[in-house]
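Given next are the chains, with one letter for each unit.
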There are 4 protein chains.
Amino acid sequence: MSCGGQGVFAALFTAARLQGIFSDRARLQAMLDVEAALARAEARVGVIPVGAVAPIVESCRVDLFDIPALAEAAALAGNPAIPLVQALTARVAERDGGAMRFVHWGATSQDIMDSGLVLQLHATLDLIEGDLSGLSVLLADLAQRHKATVIAGRTWMQQAMPTTFGVKVAGWLSANERHRQRLAELRPRLLVLQFGGAVGTLASLGASGMAVAAALADDLGLALPDLPWHTERDRLAELASVFGLIVGSLGKIARDISLLMQTEIGELFEPAAPGRGGSSAMPHKRNPVGSAYVLATAIRVPGLVSTMLAAMVQEQERGLGSWHAEWETLPEICLLTGGAIEQVTTMIAGLEVDVGKMRANLDVTRGLIFSAAVAMALAPFLGARPAHILVEDASHRAIAERRHLKDILSGDASVRAHLSEADLAKLFDPANASGQAEALVDRVLAARQEKT
Amino acid sequence: MSCGGQGVFAALFTAARLQGIFSDRARLQAMLDVEAALARAEARVGVIPVGAVAPIVESCRVDLFDIPALAEAAALAGNPAIPLVQALTARVAERDGGAMRFVHWGATSQDIMDSGLVLQLHATLDLIEGDLSGLSVLLADLAQRHKATVIAGRTWMQQAMPTTFGVKVAGWLSANERHRQRLAELRPRLLVLQFGGAVGTLASLGASGMAVAAALADDLGLALPDLPWHTERDRLAELASVFGLIVGSLGKIARDISLLMQTEIGELFEPAAPGRGGSSAMPHKRNPVGSAYVLATAIRVPGLVSTMLAAMVQEQERGLGSWHAEWETLPEICLLTGGAIEQVTTMIAGLEVDVGKMRANLDVTRGLIFSAAVAMALAPFLGARPAHILVEDASHRAIAERRHLKDILSGDASVRAHLSEADLAKLFDPANASGQAEALVDRVLAARQEKT
Amino acid sequence: MSCGGQGVFAALFTAARLQGIFSDRARLQAMLDVEAALARAEARVGVIPVGAVAPIVESCRVDLFDIPALAEAAALAGNPAIPLVQALTARVAERDGGAMRFVHWGATSQDIMDSGLVLQLHATLDLIEGDLSGLSVLLADLAQRHKATVIAGRTWMQQAMPTTFGVKVAGWLSANERHRQRLAELRPRLLVLQFGGAVGTLASLGASGMAVAAALADDLGLALPDLPWHTERDRLAELASVFGLIVGSLGKIARDISLLMQTEIGELFEPAAPGRGGSSAMPHKRNPVGSAYVLATAIRVPGLVSTMLAAMVQEQERGLGSWHAEWETLPEICLLTGGAIEQVTTMIAGLEVDVGKMRANLDVTRGLIFSAAVAMALAPFLGARPAHILVEDASHRAIAERRHLKDILSGDASVRAHLSEADLAKLFDPANASGQAEALVDRVLAARQEKT
Amino acid sequence: MSCGGQGVFAALFTAARLQGIFSDRARLQAMLDVEAALARAEARVGVIPVGAVAPIVESCRVDLFDIPALAEAAALAGNPAIPLVQALTARVAERDGGAMRFVHWGATSQDIMDSGLVLQLHATLDLIEGDLSGLSVLLADLAQRHKATVIAGRTWMQQAMPTTFGVKVAGWLSANERHRQRLAELRPRLLVLQFGGAVGTLASLGASGMAVAAALADDLGLALPDLPWHTERDRLAELASVFGLIVGSLGKIARDISLLMQTEIGELFEPAAPGRGGSSAMPHKRNPVGSAYVLATAIRVPGLVSTMLAAMVQEQERGLGSWHAEWETLPEICLLTGGAIEQVTTMIAGLEVDVGKMRANLDVTRGLIFSAAVAMALAPFLGARPAHILVEDASHRAIAERRHLKDILSGDASVRAHLSEADLAKLFDPANASGQAEALVDRVLAARQEKT
């Protein structure tokens, strides 16, 4: 998705703001920003004359370049930095024949491409961290509001026992908070300069190599790593993996919402808007469009992350193909991740919750959803396993005879020996059935408060 | 890569001719082609009035549409067909208020999108089959010319025994021929109409459904499948997998070439051209640029194929997210595959073969490369395993003492008991060492001849 | 899963019969079968003495070997064939000191391992083809029986329009038939001998190389390929991909069944059996256990297929790591595929279909599921798009006012201008709503009949 | 690889010590450890009688169970915890009919399976962290020793400029240190209890739920998470990804070593040992066996990580198939990662470095490897780009005329105008050519010192 995701299909999946970071223009500008910073840093250290800086810096504007011509030359050269440096040299020469000599001084293509990429990732990280933080606020609010809203807990896609909708949301929130922590931890590893010259030894800069590297890092607002990392790509693959984790958690949210939005369940609805989620054939349709995008992303990103991991096996001092495999893959992961966060944020912000339908659906099983509670109540008398078997048998009878489980049980002498009608009524009351749900939501919200 | 791969980075990987098939314009035009064909087919069958055809068909030109506006509406609607049908209806209305009523008659979005996609894949298949056929011609010629060119066979990236360069190329050719057969086999499965209406029952067309479907398939030059396949995606995933196989074989060629082009080996060279494979830091560099692209593609495509396979689990009558996951993935696979074929074709067409260096490198091991031949010659006398051990020991001595294996062996009484000096000389002559190499090349070339 | 999948977790996923093919014992026996056949073939061609055959063949029984010791030696050697040949030589020596000399004559490790693998894949293919054929019989019967059983067609996981359960099953069947065709097509490509000696030139066998290869292929019941394929792995990766396609289609079946088995939908049920699908906490649970295994397999296999594709980039005449990457991956794909087929077969064979619930669920939307039919009926009068908009608005009113769509429409003058009450009644009758469903089922069944 | 990787093929890839953690026995014992701890914790909190503890704890020994029978029952039940709890209840009943009642009190299958898994991962993490720490010690020593050992830096698999072997190793070390930091960061997230009962609300334990959870976490040496995480799997997928990163870095080391071990390069050699890396056909072979395993692992693990990411989309309160997809995948990743670390450790510990060959290979290009140094020396006079072009032309002449680059340049007036013969001699002296290599190695070693 080298074109920054403009396009009829890409627009479905990607966040417009991220497209701005990864467009061709932005990518070339990021490389030019590095060339400009290099000139400034080298002048500061005394490696190139101060007079060369202005002509170089002024030429480092993407508007001055012919992007399609660069693309064509890049295909031949093997990377876009080579023709860009040539074109930049020509631009500088137009301004100052002397300054031209100091363009790209002591750098190699990959220095420029990687440091430019890190600048783009810096912007990406800022944006995504902000978005995840905003999503956490929405989720915390939703969890708080529905702390006690009873809903059927479903396991194996079957009604299991009651829980609350707040606990479900608290689970989403808890994962989101861990992702924020992961991004905070990887940030200092990721946002580092790439600068080593041809084979990573800074050989072309003589004794000034380290000083130039330090000044360049400083100029770009990046940290100086212990050594150049041309073929040690764990930093980039780590970002890809953590974005993969984020997308996985968002996919889980979308799966949950789309399951609960099914016609026969109808407990949640994605926000409605004119033109959103219609059908060209069926006038009544209100499709879970946001969920579809997010689920699609959750299907796509794992394969892209595996590409980034596979591409880590980079040869010697510059990878052959392995490096190139990253060029479109990592931006695509960033764009898709940003898009999925945006979709989920929209969904959560406007989510319609049908509390009544949640309550009503608890009655669908004629009491079976309370079976575990009854078994647990009988366990002290009969033992966990025998109680389980007794209630299992009663459940099978309830299904076969289409009767309510409570009726079956209340006619069973071995049950009534231990549980009164009132006991049974209490066990079948949803209000008592969701255990520590509220306490758990509180724990998640409190943990979040502590951090902020 | 919805934008058809225009862009600085995409241009490195993709074939320009394929970009033309998968650009936004082309994708929308393919959908419009289906809408036009649908009007013609329905008029033929008598479902819509003949007078409605011309206004609809004339409106089905992508130039009449505002692509960015469609992209924006598509993001909201959940697919591009919905806003496209709306816009098309408006275009037709401008021409003929009556005809407007018969736009998209009885179809669902996915009918239009999938059938449009199949038209694009038809063009892709034609192009790729032609390219693979051309590549086979080049490979057959190269294998023929180097049938007897001795080269070190290398296993585990170590010199093993001599073979010929022709055998190596015959192996590449053999795989390429199998891929052509695979494409021929999948073609009739893949190039079929998608047309079923909302849930695949053709319900909106009453009794005429099957007749319309048949006429539409006929108009589009596609076969009529047994039934609509909205959520049975094996056809598309099969194309993706076979392209994955092709890319794997191309990656093997690129790996071989790049290994043989290493500075210390220097047996093969990618074709040279001004601006091709240079370095921004090292003036002497001649990089294997073509190999880099192909190897990058071979790293990227497996993850994309896994996405297509994972996306096959499509829900009920229309997938939620699973369908959407295909939209950018399959075109990206097509573009990358086409690009890799083009790169390998260029490499093979201009490949420089240094026959002298191939011969010279056989001497690097001081005779060790002939060890298996000697062991085999001793085996009838000593047994396969004892002969192996004897030569293994001699090899270790040759390495340790930096002497030629022949000298070691010729001073070994247990060898000389069975092999004369002349026998040894013959065993260490590369001319005798490549076994059935020529016969094998002939077999591959003959098998190819038979087919054509 | 080198151990053939014995184990508490593996047993959940794999078919016992396939475990027998891929156990350590079976894998070593397959290699020994190749060594035995090699001796027979070489004696037939006159390369080794006839007297050597019996001692070698008699020693080629896995019972005679110490498997754990082989495993340990294999780890050091880099492959299991090397220690196996050593141990086999020792076994033969115990019988006949002379015959010992002719063990493994002219072969390389990979010849033995790959040809042994092809023997295992031969057995796998026989078994899987049989299973898929059996599954087709079950699916055809189910489609036939439910040709006219009305069910809600669901798109985007929302009720869309009625279809029949038979059409859904016919879709599953149609994919299954295509998979059978794919396996038939790849069979002649896959079931070929691997035999080329160290670098694939048959050099160690002098002029007899081709004759031995032909005789060996004949002995093993395999075809003779055009040339050895030590590093051209498309045959194996093709099998992996087609198994990937099969698993994708099975995953779709499992997804459909599990969605229709949800508590609130209850249209289908996996077969019940004592101990099947229970819960340790909830006595009433009847979990879709079969679906869970199949869906898990559909999540796992795509990544494994991508590994097989990535591993195709094999170096020169023997891959370094790339070959090794196949060793556990391909058997794992075979085991998982076989297991998934078995699970789906069990599920289909005992599937419980609640026809009444299917019919009842059509009423959940208060007529919305018939919206497309109404829109289509109005289209000739109003135009497709205006009719769509009219019914869309009516649908939104029906939802908002919790009324039946038919009531809304029958009170709408612009509808009643064109449709009588009787027309509306007909449009809202499920019996008329599933279009060409029966004809489509018949087409699929007929296509199947033709083939058999 | 549920069987813990015993088997002829698995033994090639996996670390024996890790096999002990993931065998069937160990996996069941880990689950039994959780059941025992649960009894202790519940007695401590007063939920079950103290007298029930001993009979339960004493029954929680894997030796008391019939593993094959459990495997068979697990396949039917859908998970191994259900039959294990049944069998455990029976074992306890044999000891104490009363205690039997309190087995598995208030827990669900997934609580036991996940907490058991976390115990296994705890052991895995301890082991892998120790191994990575040991590997760092070896790498630091190797980098220190070869800080100044000149070697050709190679980019795009072509000689580029000199560097030192120490810098290369420092790059490996630097990545290894980052991986250790990543594991330290994820440890507190990963090593947490799973305990929530059927739907994660602790409902079966009434008011004591949180207290039991806290006591259980304490007993197992795990942290108590904010809430149960039955369907929030980011913790597990994170471990998988970080192991994927580690394997990628190890794959890079193996690629480098195997490239430098090629016959024609011969700068590094994997340690030799009897039976290690031989060939069944070629007596002289010394194959890079360790590299092969590690590279195979680096091909396999990315696909497995993608499975773990894809499996994160888990439905509601218990995943259907998505959970099951983890069961064999995560242990396989752990086993392969541990195996790869062990292989690299062996390789580094015994690595043979041919310093003389490294120096000799610098002469292969007849001075071209110094081209960048010359260009840089000319740049202040001519400008970076013109100097580059001048040396590029001279390089092409040197190749075409098979002459030394220094000779070409020293005959070029435009060079000699700025550089004397002595200047040129200095530029072509490898001793001056590796820039800041030593300083960079020192930085990496110092950074490591600081941490420890």
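Residues numbered from 1 in each chain as written. Chains lettered and ligands numbered in written order. Predicted model: local features only at pLDDT ≥ 70, side-chain atom pairs only at ≥ 80, totals over all residues. Heavy atoms only, no water.

1. Some thoughts on the overall build of chain A
No. 1: Within chain A, the secondary structure is distributed over 19 helices and four strands.
No. 2: A globule of 452 residues ought to have a C-alpha radius of gyration of about 22 Å, yet chain A, at 30 Å, is considerably larger.
No. 3: Reported as C-alpha extents along the three principal axes, the dimensions of chain A are approximately 100 × 50 × 35 Å.
No. 4: Counting the 452 residues in chain A, one finds 69% classified as buried.
No. 5: Of the contacts made within chain A by residues no fewer than 6 positions apart, 74% connect residues no fewer than 24 positions apart.
No. 6: Here chain A displays about 12200 Å² of accessible surface, and carbon together with sulfur accounts for 55% of that area.
No. 7: Of the side chains in chain A, 40 bear a positive and 48 a negative charge, and the two mean positions are spaced by 7 Å. (Helix = DSSP H or I, 4+ residues; strand = E, 2+ residues; numbered from the N terminus. Rg over C-alpha atoms; globule rule 2.2 N^0.38 Å. Buried < 20%, exposed > 50% of the residue type's maximum accessible area, 1.4 Å probe, protein only. Contact = heavy atoms within 4.5 Å. Areas by Shrake-Rupley, 256 points an atom, 1.4 Å probe, with all protein chains shown as cover. Lys, Arg positive; Asp, Glu negative; His and termini not counted. Charge placed at Lys NZ, Arg CZ, Asp CG, Glu CD.)

2. Digging into the relation of the copies chain A and chain D
The two chain copies are related to each other by a rotation about an axis together with a translation along it.
No. 1: For these two chains of identical sequence, chain A goes onto chain D by a turn of 180 degrees and a shift of 0.0 Å along the axis, with RMSD 0.1 Å. On this basis, the relationship between the two copies can be described by a two-fold rotation axis.
No. 2: The residues that chain A uses at the interface reappear at the interface of chain D in 99% of cases, marking a shared surface. (Least-squares fit on C-alpha atoms with pLDDT ≥ 70 in both.)

3. Points about the pattern of salt bridges
No. 1: Under the counting rule described, the total for this entry stands at 130 salt bridges over all chains.
No. 2: Note that K168 of chain A is salt-bridged to E317 of chain D, the shortest N-O span being 3.2 Å. With K168 of chain A in helix α8 (residues 165–190) and E317 of chain D in the loop between α11 (289–310) and α12 (322–349), this pair bridges two chains. Side by side, K168 of chain A and E317 of chain D carry an identical accessibility label, which is buried.
No. 3: A salt bridge links R178 of chain C to D234 of chain B, with the shortest nitrogen-to-oxygen separation between them at 2.7 Å. Here D234 of chain B lies in helix α10 (residues 234–260) and R178 of chain C lies in helix α8 (residues 165–190), a pairing that spans two chains.
No. 4: What makes R178 of chain C buried here is its relative accessible area of 8%.
No. 5: Among the residues examined, D234 of chain B registers a relative accessible area of 0% and is labelled buried.
No. 6: A network of salt bridges, in which partner residues are shared, links R178, R182 and E185 of chain A together with R189, D234 and E238 of chain D. (Salt bridge = Lys/Arg side-chain N within 4 Å of Asp/Glu carboxyl O.)

4. Comments concerning the interface of chain A and chain D
No. 1: Across the boundary between the two partners, chain A contributes 99 residues, which contact 98 residues of chain D.
No. 2: Carbon and sulfur atoms make up 63% of the area that chain A and chain D hide from each other, which totals about 8600 Å².
No. 3: Sorting the residues of chain A by area buried against chain D places W156, Q316 and M376 of chain A first, and these three jointly supply 9% of that buried surface.
No. 4: The interface formed by chain A and chain D contains twelve salt bridges.
No. 5: The tally of links from chain A across to chain D stands at 40 residue pairs in polar contact (both at pLDDT 80 or more).
No. 6: Class assignment for the residues of the side of chain A that touches chain D results in 47 nonpolar, 32 polar and 20 charged. (Buried area = accessible area lost by both parts, 1.4 Å probe. Polar contact = N/O pair within 3.5 Å; in protein donor to acceptor, adjacent residues only side chain to side chain. Nonpolar A, V, L, I, M, F, W, Y, C, P; charged D, E, K, R; others polar.)

5. Digging into the domain arrangement of chain A
No. 1: Split by domain assignment, chain A resolves into domain 1 (7–15 + 108–357) and domain 2 (368–427).
No. 2: Relative to domain 2 of chain A, the C-alpha centre of domain 1 of chain A lies at a distance of 46 Å. (Domains from an automatic or database assignment.)

6. Regarding unusual backbone geometry
No. 1: Although it is not a glycine, R402 of chain A adopts a positive phi angle of roughly 50 degrees.
No. 2: Its place among the elements puts R402 of chain A in the loop between α15 (384–401) and α16 (405–410).

7. Looking at the environment of D423 of chain D
All names here are of chain D.
No. 1: Structurally, D423 can be placed in helix α18 (residues 421–427).
No. 2: Accessibility expressed as a relative area gives 33% for D423, which makes it partly exposed.
No. 3: For the pair formed by D423 and N79, sequence separation is 344 residues and the distance between their alpha carbons is 75 Å.

8. Examining helix α19 (residues 437–451) of chain C
All names here are of chain C.
No. 1: The terminal C-alpha atoms of α19 lie 22 Å apart, and with 15 residues this matches the ideal 21 Å at 1.5 Å per residue to within 8%.
No. 2: Those residues of α19 that sit buried are A437, L440, V441, V444, L445 and R448. One side of α19 holds all its buried residues, which, seen down the axis, span an arc of 130 degrees. Summarising the geometry of α19, the exposed residues directed more than 90 degrees from the buried face are Q449 and E450. (Expected span 1.5 Å × (residues − 1). Arc of directions from axis to C-beta.)

9. So, the relation of the copies chain A and chain B
No. 1: The operation relating chain A to chain B is a screw motion whose rotation component is 180 degrees, with 0.0 Å of axial translation and a residual RMSD of 0.1 Å.
No. 2: Here 100% of the contact residues of chain A are again contact residues in chain B; the copies associate through an equivalent surface.

10. Side note on the interface of chain A and chain B
No. 1: Listed as interface residues are 64 residues of chain A and, on the opposing side, 64 residues of chain B.
No. 2: At the surface where chain A touches chain B, the tally comes to four salt bridges.
No. 3: Ionic pairing is found between R300 of chain A and E328 of chain B, a salt bridge with its closest N-O pair at 2.8 Å.
No. 4: Remark: the boundary between chain A and chain B carries eight residue pairs in polar contact (both at pLDDT 80 or more).
No. 5: Contributions of two or more residues to the side of chain A that touches chain B are made by α1 (10–13), α3 (24–45), α5 (67–77), α7 (109–145), α10 (234–260), α11 (289–310) and α12 (322–349) of chain A.
No. 6: Among the elements that make up the side of chain A that touches chain B, the one with the highest residue count is α11 of chain A (twelve residues).
No. 7: Taken together, the residues of the side of chain A that touches chain B sort by class into 36 nonpolar, 20 polar and eight charged.

11. Points about α8 of chain A
Think of an α-helix as turning once every 3.6 residues; residues three or four places apart then point the same way.
No. 1: Compared with an ideal rise of 1.5 Å per residue, which puts 26 residues at 38 Å, α8 of chain A spans 37 Å between its outermost C-alpha atoms and is within 8% of the ideal.
No. 2: The element α8 of chain A is largely enclosed, with a buried count of 21 among its 26 residues.

12. A short note on the packing of α8 of chain A against α10 of chain A
Any two packed helices are characterised by the angle at which their axes cross and by the distance between the axes.
Residues and elements named next belong to chain A.
No. 1: Across the interface, α8 lies against α10 with an axial gap of 10 Å and an inter-helix angle of 170 degrees. Regarding the angle of α8 to α10, the classification is roughly antiparallel. Here α8 runs over α10; the crossing is left-handed.
No. 2: Partitioned by chemical class, the residues of the contact of α8 with α10 number 14 nonpolar, two polar and seven charged. (Axes fitted to C-alpha atoms, helices over the stretch in contact; angles between N-to-C directions. Parallel < 35°, antiparallel > 145°, perpendicular 65-115°, else oblique. Left-handed = near helix turned anticlockwise from the far one by under 90°.)

13. Structural notes on the pairing of strand β2 (residues 158–164) of chain C
Residues and elements named next belong to chain C.
No. 1: Judged by how many residues are buried, β2 sits mostly within the fold: seven of seven residues are covered.
No. 2: Across six bridges, the pairing between strand β1 (residues 150–155) and β2 is antiparallel. When the bridges of β2 are listed, T155 appears paired with Q158.
No. 3: Where β1 folds back on β2, the antiparallel hairpin that results is connected by two residues, among which W156 adopts a positive phi of roughly 55 degrees. (Pairing = 2+ DSSP bridges.)

14. Quick word on the nonpolar core
No. 1: In terms of nonpolar packing, the biggest core is built from 646 residues, with F195 of chain A, F195 of chain B, F195 of chain C together with F195 of chain D touching the most fellow members.
No. 2: When neighbours within four sequence positions are excluded, F195 of chain A is seen to be in contact with L38, E42, G106, A107, D111, L202, L205, V212, A213, L216 and P228 of chain A. (Core = buried A, V, L, I, M, F, W, Y, C linked by side-chain atoms within 4.5 Å.)

15. A closer look at the environment of L117 of chain D
No. 1: By the element assignment, L117 of chain D lies in helix α7 (residues 109–145).
No. 2: When residues no more than four places from it in sequence are discounted, the contact partners of L117 of chain D are R27, L236 and L330 of chain D.

16. Side note on the packing of α7 of chain D against α12 of chain D
All names here are of chain D.
No. 1: It is at 10 Å that the axes of α7 and α12 come closest, and there the two elements cross at 20 degrees. The orientation of α7 relative to α12 falls into the category roughly parallel. Seen from above, α7 lies across α12 with left-handed handedness.
No. 2: The residue makeup of the contact of α7 with α12, split by class, is 17 nonpolar, five polar and two charged.

17. Details of the packing of aromatic side chains
No. 1: Across all of its chains, the model carries 16 aromatic pairs over all chains by this definition.
No. 2: Between F165 of chain B and W172 of chain B, the ring centres sit 6.3 Å apart and the planes meet at 85 degrees, which makes this aromatic pair edge-to-face.
No. 3: Of the residues examined, F165 of chain B reaches a relative accessible area of 0% and is grouped as buried.
No. 4: By relative accessible area, which is 2% here, W172 of chain B ends up buried.
No. 5: Of note, R91 of chain C hangs over the ring of F65 of chain C, and the distance from its end group to the ring centre comes to 5.6 Å. (Phe/Tyr/Trp six-rings, centres within 6.5 Å; stacked < 30°, edge-to-face > 60°. Lys NZ or Arg CZ within 6 Å of the ring centre and 35° of its normal.)

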